[in-house]
Amino acid sequence: FFCKQKTAYEIKECDWSSDVCSSDLGGFDSHDHIRMVHDSGIPVVVTDREIGNTHIPSVLIDNNLAMEQVIDYLANFGHREIGYLSFGFDNQTTARKRYEGYLSGLKKNGLKFNPEQVIIDDSIRLNEFKGAYNVVKELLKKKRKSLIF
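Residues numbered from 1 in each chain as written. Predicted model: local features only at pLDDT ≥ 70, side-chain atom pairs only at ≥ 80, totals over all residues. Heavy atoms only, no water.

## Thoughts on the overall build of the chain
Part 1: Helix and strand content of the chain: six helices and five strands.
Part 2: Reading the helices (α) and strands (β) of the chain from amino to carboxyl end gives α-α-β-β-α-β-α-β-α-α-β.
Part 3: Each of the 149 residues in the chain was classed as buried or not, and the buried ones make up 32%.
Part 4: Summarising the internal contacts of the chain: among those between residues at least 6 apart in sequence, 54% fall at separations of at least 24. (Helix = DSSP H or I, 4+ residues; strand = E, 2+ residues; numbered from the N terminus. Buried < 20%, exposed > 50% of the residue type's maximum accessible area, 1.4 Å probe, protein only. Contact = heavy atoms within 4.5 Å.)

And the structure:
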């Protein structure tokens, strides 16, 4: 059973006769909606979200380390100007940790941080593919990068 893009209130009304339900409960730092589903007795396992001070299990990767390893890999191939593209992360732990890993990866590899190579734009969140395409198109008009991710 798959509940896609439903609110926590709608998820409570789902058919729970099956063993598994997957839903996009959102990736923001506020987890009240996830706690509400959990507290209603529905088993919850969260993926790629850190929910501190709860008994809700989660499956995570170390986003900071993963991004640092990406920079290591790219630097080993000779990339020196690595652009970074993301939506805003004021209320988003995963994106924030990836950005922190980007910064530490640059430092670790002796690469200079250049704020002109970083684009944080919420239009990407609204429509990932179209938003990213438009932002990268504008970025490439300014100066060609060896790599953007």
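Back to the write-up after that little detour.
## Here's the deal with the pattern of salt bridges
Side chains carrying opposite charge are able to pair once their charged atoms draw close together.
Part 1: Evaluation of the coordinates by the stated rule reveals two salt bridges.
Part 2: A salt bridge links lysine 108 to glutamate 68; the nearest nitrogen and oxygen atoms lie 3.4 Å apart. In this pair, lysine 108 is assigned in helix H4 (residues 93–108) and glutamate 68 in helix H3 (residues 63–76), connecting sequence segments 40 residues apart.
Part 3: A residue is classified by how much of its surface remains accessible, and glutamate 68, at 17% relative accessible area, is buried.
Part 4: One salt bridge connects aspartate 72 with lysine 108, and the closest N-O pair in it is separated by 2.8 Å. Taken together, the residues span a long stretch of sequence, with aspartate 72 in helix H3 and lysine 108 in helix H4 at a distance of 36 residues. (Salt bridge = Lys/Arg side-chain N within 4 Å of Asp/Glu carboxyl O.)

## Observations concerning the packing of H3 against H4
Part 1: Where H3 meets H4, the closest approach of the two axes is 7 Å, and the angle between their N-to-C directions is 40°. Comparing the axis directions of H3 and H4 gives the class oblique. Like other packed secondary-structure pairs, H3 and H4 cross with a definite hand, here right-handed. In contact with Asn63, Asn64, Met67, Glu68, Ile71 and Asp72 of H3, H4 contributes Thr94, Lys97, Arg98, Glu100, Gly101, Tyr102, Ser104, Gly105, Leu106 and Lys108.
Part 2: Split by residue class, the contact of H3 with H4 holds four nonpolar, six polar and six charged. (Axes fitted to C-alpha atoms, helices over the stretch in contact; angles between N-to-C directions. Parallel < 35°, antiparallel > 145°, perpendicular 65-115°, else oblique. Left-handed = near helix turned anticlockwise from the far one by under 90°. Nonpolar A, V, L, I, M, F, W, Y, C, P; charged D, E, K, R; others polar.)

## Thoughts on the packing of aromatic side chains
Part 1: Scanning the entire structure with this criterion turns up four aromatic pairs.
Part 2: One aromatic cluster is present, built from ring pairs that chain together Tyr84, Tyr99 and Tyr102. (Phe/Tyr/Trp six-rings, centres within 6.5 Å; stacked < 30°, edge-to-face > 60°.)

## Describing the environment of threonine 47
Part 1: One can find threonine 47 in strand E1 (residues 46–47).
Part 2: On the basis of relative accessibility, which here comes to 56%, the residue threonine 47 falls in the exposed class.
Part 3: The sequence separation of threonine 47 and leucine 60 amounts to 13 residues, and the corresponding C-alpha distance is 6.1 Å.

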